[in-house]
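# Summary of the model geometry
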Amino acid sequence: MPIIKLDAIDSTNDYLKQLAKEKWLENYTAVMALEQTKGRGQMGSEWVSESGKNLTISVLVKDVPQEMISIYDFNVAVALAAIGVLTMNGIVKVNVKWPNDIMADNKKVGGILIENSLKADGSFTSVVGFGLNLNQTDFEHLPQANSLTNITNKTYDLEEMALSFIKSLKLHLILFPERTDEAWAHYNNLLFKKDKPSAFEFPNGDRFMGIIKCVTRDGKLAVLLNDDSVEYYELKEVKLLY
């Protein structure tokens, strides 16, 4: 599992995608950077990270056969792989905030950005970006964020955590086809604010109350509304507020 280490780059995902176009890369080739100047989160949001303090990594996963694991299955496997890194390091209260925020003690500690390239034979190649707040302690302007070191009072080695994520990702993808139902159930049990009244916002700014019930196998968020109906929302249709 080769790891390309950079001091600074605009985006590890963009760097790895371009590198994969230019040359053959081994499966699970990774790029990690001490500083990412244009890091992106889900739906184009900016990922802000203090230089040299946190894990910023992108991993190439090649030629995933869709008959064994769908794109939605893949997203779940990646989220569980990220959660696995936290639990292996003693973080107990962990959640996934739909679609791809990683939470610990009700605050955001990490985020995932998955970019897929579909192929004519039905397979897909993916670049999996993962940002994890490790040793940063100051979140004065990010009150909803936190880091592992703030939770555990430990200092983390970036390269060790990078290897831990790659191994966790590889393991979850290998095991997923045999444990699909179990993995989905685990993912849904980890959903942030599941079964709790929560506020949501539409892109136009309108808000409503609802209760998260699950994420469906085709990646939609099932929300129970006040009239006891259940609505299913696509990725960009609604945002959970907290």
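Residues numbered from 1 in each chain as written. Predicted model: local features only at pLDDT ≥ 70, side-chain atom pairs only at ≥ 80, totals over all residues. Heavy atoms only, no water.

### Topic: the packing of aromatic side chains
How two aromatic rings sit relative to each other is set out by the distance from centre to centre and by the angle between their planes. Note the following rule: Between the rings of Phe, Tyr and Trp (Trp by its six-membered ring), a pair exists once the centres lie within 6.5 Å; its type follows the angle of the planes, with under 30 degrees stacked, over 60 edge-to-face, and the other angles tilted. Starting at the N terminus, helices and strands are each numbered in turn, a helix being any DSSP run of H or I of at least four residues and a strand any DSSP run of E of at least two. The classification of residues rests on relative accessible area computed with a 1.4 Å probe and restricted to protein chains. Under 20% of the type maximum is buried, over 50% is exposed, and intermediate values are partly exposed.
What the rule picks out here adds up to eight aromatic pairs. The interplanar angle of 85° and the centroid separation of 5.3 Å between the aromatic rings of Phe 192 and Tyr 242 together place this pair among those described as edge-to-face. Here Phe 192 is found in the loop between helix H5 (180-189) and strand S8 (197-201), whereas its partner Tyr 242 is found in the segment after strand S12 (239-241), with 50 residues between them in sequence. Of the residues examined, Tyr 242 reaches a relative accessible area of 33% and is grouped as partly exposed. Taken together, the ring pairs in this structure connect Phe 200, Phe 202, Phe 208 and Tyr 233 into an aromatic cluster.

### Section: the sheet that holds strand S9 (residues 207-215)
As a reminder of what qualifies: At least two bridges found by DSSP between two strands is the condition for calling them paired. With axes taken as lines fitted to C-alpha atoms, and helix axes fitted only over the stretch in contact, angles between N-to-C directions fall between 0 and 180 degrees.
Strand order in this open sheet of five strands is S11-S10-S9-S8-S12, and the pairing throughout is antiparallel. Pairing within the sheet leaves two strands with one partner each, and these edge strands are strand S11 (230-233) and S12. On average, adjacent strands in this sheet sit at an angle of 50° to one another, irrespective of strand direction. Across four bridges, strand S10 (residues 221-224) lies against S11 in antiparallel orientation. Bridge pairing in S11 places Val 223 opposite Glu 231.

### Some details on helix H1 (residues 12-22)
As a reminder, the rule being used: This arc is built from the directions going out from the helix axis to the C-beta atoms. By the convention used here, residues are in contact when the closest approach between their heavy atoms is within 4.5 Å. Under this definition, polar contacts are N or O atom pairs within 3.5 Å; protein pairs additionally need one hydrogen-donor-capable and one acceptor-capable atom, and for neighbouring residues in sequence, both atoms have to be side-chain atoms.
Turning to H1, its buried residues are Thr 12, Asn 13, Leu 16 and Leu 19. Mapping the buried residues of H1 onto a view down its axis gives an arc of 130°, with all of them on the same face. For H1, the exposed residues set more than 90 degrees away from the buried face come down to Lys 21 and Glu 22. At its buried positions, H1 is contacted by strand S1 (3-9), strand S2 (30-36), strand S3 (55-64), strand S6 (107-118) and strand S7 (124-132). For H1, the capping residue at the N-terminal end is Ser 11, with a side-chain oxygen 3.4 Å from the backbone nitrogen of Asn 13.

### A word on the environment of Ala 185
Position of Ala 185 relative to the elements: it lies in helix H5. Spatially, the C-alpha atoms of Ala 185 and Met 103 are 18 Å apart, while their sequence positions differ by 82 residues.

### Considering the pairing of S2
Heads up, the rule is: The path from the first strand over the helix to the second decides the hand: if it runs clockwise while the strands point away from the viewer, the crossover is right-handed.
Across the seven residues that make up S2, a large majority, five, are buried. Of the pairings in the sheet, the one linking S1 to S2 comprises six bridges and is parallel in character. Its bridge partner lying in S2, Leu 6 is registered against Ala 33. Traced from S1 through H1 to S2, the parallel crossover comes out right-handed. Relative to S3, S2 runs antiparallel, the two sharing three bridges. Bridge pairing in S3 places Val 31 opposite Ser 58.

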